[in-house]
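Commentary on secondary and tertiary structure
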Amino acid sequence: MIRIVVADDQALVRAGVRMTLEAAGDMTVCAEAADGAQAVQEAERHRPDVVLMDLRMPRVDGLEATRRILAARPGTRIVVLTTFAEDENVYAALRAGALGFLVKDDPPDRMVEAVRRAAQGEPLLAASVLRRVAARALAAEDGHLRVPPSLTERELQVLTLVGIGLSNGEIGERLHLGVTTVKTHVAAVMDKLDLRNRTQAAVVAHRLGLVDADFRPTRP
């Protein structure tokens, strides 16, 4: 059972999210929070698999709550809830370690899919969104990185495919590997590069020059 904390300052939104998720049968909302400070408290109390985090909340906003939760429990999967996909804070939250985001008027099945994928450590980000995130992150950095010698050839291949937005299943099909093996390689990449999630890994793939501006691999 996937355990979830829902943080949103609107009670009707929280109720709707709870109803949608618990109807799926494989997840439960263990707590709700009406602001960021409460979200941090509930995340510490319940240690959920996933936090659905509204960004615009009183007292402590969702961006700061995301930072605090991940500082205390880096393995928590945070999915941002937002009204506008172009919200500047969405990109700040992703850079802070949030796994992905949902627009509040997305269909219910997309929310369920996002939570399931987040629980497995996979973001639900369209390539167009990932492209904008990477572009913003690259603009804020000085130059490109060098490929770390600690990464194996297979890990570089996996990182490249994460960089173009493929899921573990899609990477497995591309490289003729089982999903469990792909997860092992992704975990090794994250550990060696000190990354929190696949969104950050995708940005690093761009900074390493493994993926070009058109989201195409640069290596054979």
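Just above, that's the structure.
Notes on the structure in this doc start here. Since the model is a prediction, treat every value here as computed from it, not as a measurement. (Residues numbered from 1 in each chain as written. Predicted model: local features only at pLDDT ≥ 70, side-chain atom pairs only at ≥ 80, totals over all residues. Heavy atoms only, no water.)

Describing the sheet that holds strand S5 (residues 100–103)
- If you trace the 5 strands from one edge of the open sheet to the other, you get S2-S1-S3-S4-S5, paired in parallel fashion. Two strands in the sheet have a free side with no partner beyond their single neighbour: strand S2 (27–33) and S5. Mean inter-strand twist for the sheet, computed between neighbouring axes without regard to direction, equals 25°.
- Its contacts with the sheet put helix H1 (residues 11–22) on strand S1 (2–7), S2 and strand S3 (50–54), and the angle it makes with S2 is roughly 165°.
- Sheet contacts for helix H2 (residues 36–46): S1, S2 and S3; angle to S2, the most-contacted strand, approximately 140°. (Pairing = 2+ DSSP bridges. Helix = DSSP H or I, 4+ residues; strand = E, 2+ residues; numbered from the N terminus. Axes fitted to C-alpha atoms, helices over the stretch in contact; angles between N-to-C directions. Contact = heavy atoms within 4.5 Å.)

Considerations on the nonpolar core
- One finds Ala-7, Met-53, Ile-78, Val-80, Ala-93, Ala-98 and Phe-101 to be the most contacted residues of the largest nonpolar core, which totals 26 residues.
- Sort the elements by how many residues they give to this core and helix H4 (residues 88–96) lands first, with 5 residues.
- If we ignore the near neighbours within four places in the chain, the residues touching Met-53 are Ala-7, Ala-39, Gly-62, Ala-65, Thr-66, Ile-69, Ile-78, Val-79, Val-80 and Leu-81.
- Formed by 22 residues, the second largest nonpolar core is a distinct cluster that contains Ile-171, Val-189, Ala-201 and Leu-208. (Core = buried A, V, L, I, M, F, W, Y, C linked by side-chain atoms within 4.5 Å. Buried < 20%, exposed > 50% of the residue type's maximum accessible area, 1.4 Å probe, protein only.)

A closer look at the pairing of S5
- Side chains Gly-100 and Leu-102 of S5 all project onto a buried face; the interleaved residues Phe-101 and Val-103 project onto the opposite face, where all are buried too.
- Bridge analysis of strand S4 (residues 77–82) against S5 gives 4 bridges, and the strand direction is parallel. Looking at the pairing, Thr-82 lines up with Val-103 of S5.

Comments concerning the side chain of Thr-66
- With respect to the helices and strands, Thr-66 occurs in helix H3 (residues 62–72).
- From its side chain, Thr-66 meets the backbone oxygen of Gly-62 in a polar contact 2.8 Å long.
- If we ignore the near neighbours within four places in the chain, the residues touching Thr-66 are Met-53, Ile-78, Ala-93 and Ala-98. (Polar contact = N/O pair within 3.5 Å; in protein donor to acceptor, adjacent residues only side chain to side chain.)

Side note on helix H10 (residues 198–207)
- The buried fraction of H10 amounts to 10 of the 10 residues, a majority that puts the element mostly inside the structure.
- Along H10, the residues classified as buried are Arg-198, Thr-199, Gln-200, Ala-201, Ala-202, Val-203, Val-204, Ala-205, His-206 and Arg-207.
- Two residues or fewer past H10, Gly-209 is found with a positive phi of approximately 80°.

Observations regarding the packing of helix H7 (residues 153–163) against helix H8 (residues 168–175)
- Closest axis-to-axis distance for the H7/H8 pair is 10 Å, and the angle between their directions is 130°. If you check the angle between H7 and H8, you find them oblique. Note on packing geometry: the crossing formed by H7 with H8 is right-handed. Residue-level contacts link Arg-154, Gln-157, Val-158, Leu-161 and Val-162 of H7 to Ile-171, Arg-174 and Leu-175 of H8.
- Of the residues belonging to the contact of H7 with H8, the class tally is 5 nonpolar, 1 polar and 2 charged. (Parallel < 35°, antiparallel > 145°, perpendicular 65-115°, else oblique. Left-handed = near helix turned anticlockwise from the far one by under 90°. Nonpolar A, V, L, I, M, F, W, Y, C, P; charged D, E, K, R; others polar.)

Focus: the pairing of S3
- Burial of S3 is extensive: 5 of the 5 residues sit out of reach of the surface.
- In this structure, S1 lies alongside S3, joined through 4 bridges in parallel fashion. Residue pairing for S3: Ala-7 is matched across the bridge by Met-53.
- Bridge analysis of S3 against S4 gives 5 bridges, and the strand direction is parallel. Residue pairing for S4: Met-53 is matched across the bridge by Val-80.
- Once you follow S3 into H3 and on to S4, the crossover reads as right-handed. (Right-handed = clockwise from strand over helix to strand, strands pointing away.)

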